[in-house]
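Inside the fold
The primary structure of each chain is shown beneath.
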Amino acid sequence: MPDLERQLRLLRAFALLNYPFACVPFLFLYFQQHGLDAQGYGEVIAAYYVAMFVCEVPTGMLADRFGPKYMLVTGPLLLTAGFATLLAVPTYGGFLGGEVLLGMGHAVLSGPPATLLFETLRAQGKGLDYLRQESRNSALRLFGTGSAFLLGGLVAHAAGNAYERTIALTCTLTFAAAVVATRLATPPHRPRLSRAAFLGHLGAALAKRPLRWLLLYWVVLFTLLRFPFHEYQPYLAAASEQEPLLGNALLVGGVFALLNLVAAPLSAALPWLVARLGRRLLFWVMPVVLGLSLLLMAGERHLAASGDGTRWLAWLGVLMFFVQQVPFGLHWALLYEFVNHRLGSEVRTTVLSILSLGCRLCYAGFNVLLFSWQQHRGMAAALAVAGLGGLFATVLVMLLRPRGLLTGSERLDDG
């Protein structure tokens, strides 16, 4: 098998094992079994986000200086260590330490897989094939995560809700990802820049107007994606008053699995969608679909709070979870393509990390505001504010787009 094809096959295998979190739908229940209350749960999850925030840019800089392959080995090992800590030390301190390791692992993996794929293709003169390959890998990541959720549900059910077995399964799968990464070829030659030269390249990259615009767009899209994700569990719990099935833990695991399995083929179809619709329309559609779906969920919760909710309306609200998988399945490959074609390898991963850092920082503030509003005004009000605010921000950001950007041209290295 040619070296390029071998490298691509290994990257696909890694994508399949990138986020095999069989235990995630059941972690809250596991924490609860070991005495963690809602406040404690919020604190250990906060530790995860703090660790990811702190480590995001430093790990991106390490990837740019020493190569992304080493990050693809380190990230899964940190995830394995994090989940193993949750399993081995089932106390508040152990959960806190485990979530910190998980946040570090996620930070390490936020950009290197896409960077290594792009550099591999570009070294072979096939940089324009990136979107097709990245969309395929995105589909495999979603399929792998969804399958892991489903497998975790089956294991938990067979073990009589022994959720620790789903954590052990997750450790095995994340360690397998590290093993696959060790077989990847050494990345193409990367010039080792001095610190001054590296910072010079980084400053020049961040001065590009299209990248500054992308940060604004990414903040809007990231907020519209992450808020409903964190709202799924409260929404299902509230909607179970109208439809008791939505309170069943096994069904919840199945819903989370199906969300990823629905997004996977959409991600794989991205090159066809770009050819048919163009990038500009897709950049419009992703946040608009999210905003409208949030408004529909808000309407369903408003009717339920008024005493007019029904089982079928509750299922309609849950259906919006799946509508939201359309932009979720498309956005990573499109955004990575936007960045990769505009930057050199010297700072590519660092810039991706900075973009991710900016989005997480802004979302953290929006998240506090939205859930505070929900606490005082109700779920329907929070969903409505997120939907309307997201639609307004989308129009504003898209109108600020530099002239000629997202024209659909295959030549993306301009700007």
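Residues numbered from 1 in each chain as written. Predicted model: local features only at pLDDT ≥ 70, side-chain atom pairs only at ≥ 80, totals over all residues. Heavy atoms only, no water.

Looking at the overall build of the chain
Helix and strand content of the chain: 17 helices and 0 strands. By the burial criterion, 52% of the 415 residues in the chain qualify as buried. Taking contacts inside the chain between residues at least 6 apart in sequence as the whole, the part at least 24 apart equals 86%. Accessible surface, the chain as shown: approximately 17,700 Å² in total, 66% of it carbon and sulfur. (Helix = DSSP H or I, 4+ residues; strand = E, 2+ residues; numbered from the N terminus. Buried < 20%, exposed > 50% of the residue type's maximum accessible area, 1.4 Å probe, protein only. Contact = heavy atoms within 4.5 Å. Areas by Shrake-Rupley, 256 points an atom, 1.4 Å probe, with all protein chains shown as cover.)

Thoughts on the side chain of arginine 12
Following the sequence through the fold, arginine 12 ends up in helix H1 (residues 3-16). On the accessibility criterion, arginine 12 (16% relative accessible area) is buried. Apart from residues no more than four positions distant in its own chain, arginine 12 is found in contact with Glu5, Gln133, Arg136, Asn137 and Leu140.

Here we look at the pattern of salt bridges
A side chain with one charge can pair with a side chain of the opposite charge if their charged atoms come near. One pass over the structure, following the stated rule, counts 5 salt bridges. The salt bridge partner of arginine 12 is glutamate 5, with a shortest N-O separation of 3.3 Å. When the shortest N-O distance is used, the salt bridge between aspartate 129 and arginine 132 registers 2.8 Å. In this structure aspartate 129 comes out as partly exposed when scored by relative accessible area, which is 21%. Among the residues examined, arginine 132 registers a relative accessible area of 38% and is labelled partly exposed. (Salt bridge = Lys/Arg side-chain N within 4 Å of Asp/Glu carboxyl O.)

A short note on the nonpolar core
Formed by 105 residues in total, the largest nonpolar core has its most connected members in Phe83, Trp213, Leu214, Tyr217, Phe283 and Phe321. Among the elements that line this core, the one with the most residues is helix H10 (residues 209-239), at 17 residues. Residue contacts for tyrosine 217: discarding those within four places in its chain leaves Leu282, Phe283, Met286, Pro287, Leu335, Val397 and Met398. (Core = buried A, V, L, I, M, F, W, Y, C linked by side-chain atoms within 4.5 Å.)

Focus: helix H7 (residues 130-158)
Owing to its 3.6 residues per turn, the α-helix brings residues three or four apart onto one side. The end-to-end C-alpha separation of H7 is 41 Å, in line with the 42 Å expected for 29 residues at 1.5 Å each. Just past H7, the residue glycine 160 takes up positive phi, approximately 65 degrees. (Expected span 1.5 Å × (residues − 1).)

Regarding the packing of H10 against helix H14 (residues 311-323)
Relative to each other, H10 and H14 sit at 165 degrees, their axes nearing to 10 Å. On the basis of the axis angle, H10 is roughly antiparallel to H14. Here H10 and H14 pass one another in a crossing that is left-handed. When H10 is examined against H14, the residues Tyr232, Tyr235, Leu236 and Ala239 are found in contact with a partner set consisting of Ala314, Gly317, Val318 and Phe321. Partitioning the contact of H10 with H14 into residue classes produces 7 nonpolar, 1 polar and no charged. (Axes fitted to C-alpha atoms, helices over the stretch in contact; angles between N-to-C directions. Parallel < 35°, antiparallel > 145°, perpendicular 65-115°, else oblique. Left-handed = near helix turned anticlockwise from the far one by under 90°. Nonpolar A, V, L, I, M, F, W, Y, C, P; charged D, E, K, R; others polar.)

Here's the deal with the layout of surface pockets
Approximately 290 Å³ is the volume attributed to the second largest pocket. Lining the second largest pocket are 15 residues, with Thr223, Phe366, Ala386, Gly389 and Gly390 positioned closest to its centre. Looking at the lining of the second largest pocket, its residues break down into 12 nonpolar, 3 polar and no charged. (1 Å grid on protein atoms, 1.4 Å probe; cavity = no way out; pocket = protein on both sides within 12 Å on 5 of 7 lines; lining within 4 Å. Points joined across faces, edges and corners; volume = space filled by probe spheres on them.)

Looking at the state of the cysteines
In this structure the tally under the stated criterion is 0 disulfides. Of all cysteine sulfurs, the one in cysteine 171 lies closest to cysteine 23, which takes part in no disulfide; the gap is 7.6 Å. The class of cysteine 171 is buried, set by a relative accessible area of 11%. (Disulfide = S-S within 2.5 Å.)

Let's talk about the packing of H7 against helix H8 (residues 164-182)
Following both chains from N to C, one finds H7 and H8 inclined at 140 degrees, their axes separated by 8 Å at the closest point. Taken as axis vectors, H7 and H8 run oblique relative to one another. You can see that H7 and H8 cross each other, and the crossing is right-handed. Counted together, Leu151, Gly152, Val155 and Ala156 of H7 and Arg165, Thr166 and Leu169 of H8 form the full contact between these two elements. Each residue belonging to the contact of H7 with H8 can be placed in one class, and the counts come to 4 nonpolar, 2 polar and 1 charged.

Re the packing of aromatic side chains
In the structure shown here, the tally under the stated rule is 15 aromatic pairs. Plain terms: the ring middles of tyrosine 235 and phenylalanine 321 are 5.6 Å apart, the flat faces sit at 70 degrees to each other, and that makes the pair edge-to-face. With tyrosine 235 in helix H10 and phenylalanine 321 in helix H14, the pair connects residues that are 86 residues apart, well separated along the chain. The buried category is assigned to phenylalanine 321, whose relative accessible area is 0%. Among the aromatic side chains, those forming a connected cluster through ring pairs are Phe149, Phe229, Tyr232, Tyr235, Phe256 and Phe321. When the ring centre of tyrosine 235 is taken as reference, the NZ or CZ atom of arginine 301 above it lies at 5.3 Å. (Phe/Tyr/Trp six-rings, centres within 6.5 Å; stacked < 30°, edge-to-face > 60°. Lys NZ or Arg CZ within 6 Å of the ring centre and 35° of its normal.)

Observations regarding empty space enclosed by the protein
For the structure on display, the rule yields 2 cavities of 30 Å³ or more. Considered as a void within the structure, the second largest cavity measures approximately 50 Å³ in volume. Lining of the second largest cavity is provided by Leu11, Phe14, Ala15, Asn18, Pro113, Glu134, Asn137 and Arg141. By residue class, the composition of the lining of the second largest cavity is 4 nonpolar, 2 polar and 2 charged.

Some thoughts on the confidence of the model for the chain
A residue-level look at the chain finds 89% of positions with pLDDT of 70 or above and a mean pLDDT of 83. Segment residues 408-415: pLDDT under 50, and 13 contacts once partners within four positions in sequence are set aside and those in other chains are kept. (pLDDT = per-residue confidence, 0-100.)

Examining a nonpolar patch on the surface
A cluster of nonpolar side chains, namely Val50, Phe53, Val54 and Leu361, defines an oily patch on the protein surface of about 360 Å² accessible area. At 3 residues, helix H3 (residues 38-66) tops the list of elements feeding residues into the nonpolar patch. Looking at the element boundaries, phenylalanine 53 is found in helix H3. The exposure class of phenylalanine 53 is partly exposed, given its relative accessible area of 36%. (Patch = residues over 30% accessible without salt bridge, like charges linked within 9 Å, V, L, I, M, F, W, Y side chains within 5 Å.)

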